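Notes for the structure review
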Amino acid sequence: MPGDTPSRRQSNSSRSTSGTLSTPTNSQERVDGDEGKVEAARDFGFLPIPRALQYDPEYPAHFGLAMNATFGIASTFIVANLYYCQPLLIQFSESFGVTYKEVSNIPTLVQAGYAVGILFITPLGDLVRRRPLLLLLNFLTASLTIGLAITKSLAAFEALSFLVGVGSVVPQILMPLAADLAPAERRASALSIVLSGLLFGVLIARVLAGVVAQFVSWRIVYFIAIGVQYVVLAMLYWMLPDYPAKNKGITYWGVLYSMAKFTVTEPLLVQAVLITIPSSACFSNWWVTLTFLLGGPPYHYSTVIIGLFGLVGMVGVMLAPLIGRMIDNLVPWSATLVAVVALTITFSIQTGAVGLNVAVVIIVCIGLDIFRQMQQVSLTTAVFGIDASARSRLNAVVLLALFIGQVMGTSVGSQVFTEYGWRPDASLNLAWTGFTLIVLLARGPHCSRFTWLGWEGGSALRKPRVLGKQAEDVAAGKGINGDAEANSDAIVEEKRSAEEKRVSIDEASETEQRRRSVEKRADEVV
């Protein structure tokens, strides 16, 4: 086992936050009450869980680089299932003996299956143990891909493509799990690495499929996909720690109902959705219309050269750890603000000169990749703080908003570009980004959980400063408890801190838990 592999599972002390910062809550621990032993040591009732990966709250797992990298690699090669088909449509039409129009349904079916999986599969992460769920989904997608590689029927290929799309939501279950496993001070970094793996999967799928199909049959692409998915399955089996079900007693329909309820009762989630939809629309609008821009005057680039612009996305992937560390040092709201302002500048440059100089095209590609990723990670980090027991459902809502934005950006952006040209299309991106800035500023960084509009709790943007102020407030509140009349404001503030000021308590609790685990191991050795 790699040195980073956990010796035991992390404590199931979940974290729930209001506003933008994390807080600790107590969730159920799947431990035998009489003997303190872990209840389940097998997946699916027959598959043994490696001892080092079994859940044990007394010995928290170490969510280190190896585990984080495993999550990122799994995200890369599972999400790639959605994009292998896009460069292969011409080969599909020749192989199945049909028209281009008929095979054009394949990418739509894959994405439709993915949307169904996001809506109906990812919420299961809040209902069942995620280790067997992830292993099952990985096994099913790998096995279904065998059918894609060997079938000679277009109808069968389309049906299998839809089912593969449904099962390819593994990265969207891994992200909430990473948030649960990672220490509070590294949560954004962990999410950033998983998200960068997902983005890299989009890139590598298109490049790999295009290159391989250029020299051999398109079926080889899917045989390669089968192999890498089974390798990922083995990696997850040996690296993915077990984690208990977080919401015992709730039904599947209750999970879906609560997900719908969150969309109308949680101000922070609604704010994140209203930012995600237009931001995602800008992203898809840019990449879809980039082909039209570079293929027309004044550039007149070939398809091969246009495809190479996708490699610029590697910059965002390589900078993912740095982006995550930056967000970890900021209140998530302020990280989102930095990203939105930077995107506004990027789209201003696009509006001014993207159709005049290719250097501007490269600048926009890099800026959009980096700051869109920063925005997505910061929003996800903030949303995960709403309720630690509902992170899979909250993530599903954000992903549905992302999907809606992609559809909106593709359809509206393409129409604006083809009818009015590149500058009006760039102005559309700028207008959408301006809307996200208004939505962000309408609700400040330290609002209480159910505050819809306004600012409260100050405007500190750096997390260390916020934590320092919280510690001072708590200390001041404890020192004046004898005079309730003169210190009523401090008492009210101390009560409210149960929802707004729990980050420092969360981190102290995790530190104390690690210290006790080390002491216990030392005692056992003695």
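In short, a report on the structure. (Residues numbered from 1 in each chain as written. Predicted model: local features only at pLDDT ≥ 70, side-chain atom pairs only at ≥ 80, totals over all residues. Heavy atoms only, no water.)

So, a nonpolar patch on the surface
Among the surface-exposed residues, Ile146, Ile150, Val207, Val211, Phe215, Val216, Ile220, Phe223, Ile224, Leu308 and Leu311 lie close enough to one another that they form a single nonpolar patch of about 970 Å² accessible area. Elements supplying a minimum of two residues to the nonpolar patch: helix 5 (130-150), helix 8 (187-215) and helix 9 (218-239). Among the structural elements, phenylalanine 223 can be located in helix 9. Given the relative accessible area of 42%, phenylalanine 223 is considered partly exposed. (Patch = residues over 30% accessible without salt bridge, like charges linked within 9 Å, V, L, I, M, F, W, Y side chains within 5 Å. Areas by Shrake-Rupley, 256 points an atom, 1.4 Å probe, with all protein chains shown as cover. Salt bridge = Lys/Arg side-chain N within 4 Å of Asp/Glu carboxyl O. Helix = DSSP H or I, 4+ residues; strand = E, 2+ residues; numbered from the N terminus. Buried < 20%, exposed > 50% of the residue type's maximum accessible area, 1.4 Å probe, protein only.)

A word on the nonpolar core
Core analysis: the biggest nonpolar cluster contains 101 residues, and Phe71, Phe92, Tyr222 and Leu269 have the highest contact counts within it. Looking at this core element by element, the count peaks at 11 residues for helix 8. In this view, tyrosine 222 contacts Tyr84, Cys85, Leu88, Phe92, Thr145, Leu148, Ala149 and Phe157; residues no more than four positions away in its chain are not counted. By size, the runner-up hydrophobic cluster in this structure holds 23 residues, among which are Ala281, Phe347, Val364 and Leu368. (Core = buried A, V, L, I, M, F, W, Y, C linked by side-chain atoms within 4.5 Å. Contact = heavy atoms within 4.5 Å.)

Some points on the packing of aromatic side chains
Summed over all chains, the structure comprises 18 aromatic pairs. For the ring pair tyrosine 84 and tyrosine 222, a centre distance of 6.2 Å and an interplane angle of 70° mean the geometry is edge-to-face. Note that tyrosine 84 is positioned in the loop between helix 1 (65-79) and helix 2 (89-96) and tyrosine 222 in helix 9, a separation of 138 residues in sequence. A single burial state applies to tyrosine 84 and to tyrosine 222, both of which are buried. A ring pair is formed by phenylalanine 92 and phenylalanine 96, whose centres lie 6.4 Å apart and whose planes are at 45°; its orientation type is tilted. With a gap of four residues between them, phenylalanine 92 and phenylalanine 96 both fall in helix 2, about one helical turn apart. Here phenylalanine 92 and phenylalanine 96 have matching classes, each one buried. Ring pairs connect the aromatic residues Tyr84, Phe92, Phe96, Phe157, Trp218 and Tyr222, which therefore count as one cluster. (Phe/Tyr/Trp six-rings, centres within 6.5 Å; stacked < 30°, edge-to-face > 60°.)

Some remarks on the pattern of salt bridges
Under the defined criterion, the tally for this structure stands at seven salt bridges. The salt bridge partner of arginine 393 is aspartate 126, with a shortest N-O separation of 2.8 Å. In this pair, arginine 393 sits in helix 17 (residues 391-420) while aspartate 126 sits in the loop between helix 4 (105-120) and helix 5, placing the two residues 267 residues apart along the sequence. Aspartate 126 shares its class with arginine 393; the two are buried. Glutamate 266 is the salt-bridge partner of arginine 449, the closest N and O atoms lying 2.6 Å from each other. Highlighted residues: arginine 449 in the loop between helix 18 (422-441) and helix 19 (463-479) and glutamate 266 in the loop between helix 10 (252-265) and helix 11 (267-295), separated in sequence by 183 residues. Accessibility assignment for this pair places arginine 449 and glutamate 266 in one class, buried. Taken together, the shared-partner salt bridges in this structure form one network comprising Asp43, Arg129, Arg131 and Asp242.

Brief notes about the environment of leucine 154
By secondary structure assignment, the location of leucine 154 is in helix 6 (residues 154-167). Sequence separation between leucine 154 and serine 95 is 59 residues, and the spatial gap between their C-alpha atoms is 9.3 Å. Aside from chain neighbours lying at most four places away, what touches leucine 154 is Phe96, Val98, Glu102, Val103 and Ile106.

Some thoughts on helix 18
Taking 1.5 Å of rise per residue, the 20 residues of helix 18 would be expected to cover 28 Å, and the 29 Å separating its terminal C-alpha atoms lies within 8% of that figure. The set of residues buried in helix 18 consists of Trp422, Asp425, Ala426, Leu428, Asn429, Trp432, Thr433, Thr436, Val439 and Leu440. For helix 18, the angular spread of the buried residues around the axis is 150°, confining them to a single face. (Expected span 1.5 Å × (residues − 1). Arc of directions from axis to C-beta.)

Topic: the side chain of aspartate 425
Along the chain, the position of aspartate 425 falls in helix 18. With no salt bridge to any partner, buried aspartate 425 finds its closest opposite charge in arginine 423, at an N-O distance of 11 Å. There is a polar contact of 3.4 Å between the side chain of aspartate 425 and the side chain of threonine 289. Ignoring any residue separated from it by four or fewer positions in sequence, one finds aspartate 425 in contact with Asn285, Thr289, Gly413, Val416 and Phe417. (Lys, Arg positive; Asp, Glu negative; His and termini not counted. Polar contact = N/O pair within 3.5 Å; in protein donor to acceptor, adjacent residues only side chain to side chain.)

Remarks on unusual backbone geometry
The step from proline 297 to proline 298 runs through a cis peptide bond, and the omega angle for that step is 10°. In this fold, proline 298 is placed in the loop between helix 11 and helix 12 (303-308). Positive phi outside glycine occurs at phenylalanine 44, with the angle close to 60°. Residue placement: phenylalanine 44 occurs in the loop between strand 1 (42-43) and strand 2 (47-48). With relative accessibility at 40%, the residue phenylalanine 44 sits in the partly exposed group.

Comments concerning the packing of helix 7 (residues 170-181) against helix 8
Helices that pack against each other are described as a pair by the angle of their axes relative to one another and the distance between those axes. Remark: helix 7 packs on helix 8, axes separated minimally by 9 Å, with the N-to-C direction vectors making an angle of 165°. The pairing of helix 7 with helix 8 is recorded here as roughly antiparallel in orientation. When the axes of helix 7 and helix 8 are compared, the crossing they make is right-handed. Residues Pro171, Gln172, Met175, Ala178 and Ala179 of helix 7 pack against Arg187, Leu191, Val194 and Leu198 of helix 8. Split by residue class, the contact of helix 7 with helix 8 holds seven nonpolar, one polar and one charged. (Axes fitted to C-alpha atoms, helices over the stretch in contact; angles between N-to-C directions. Parallel < 35°, antiparallel > 145°, perpendicular 65-115°, else oblique. Left-handed = near helix turned anticlockwise from the far one by under 90°. Nonpolar A, V, L, I, M, F, W, Y, C, P; charged D, E, K, R; others polar.)

What to know about helix 17
Structural remark: α-helix, 3.6 residues per turn; residues separated by three or four positions point the same way. Here helix 17 is 30 residues long and its end C-alpha atoms lie 42 Å apart, about the 44 Å a rise of 1.5 Å per residue gives. One or two residues past the end of helix 17 sits glycine 421, with phi positive at roughly 105°.

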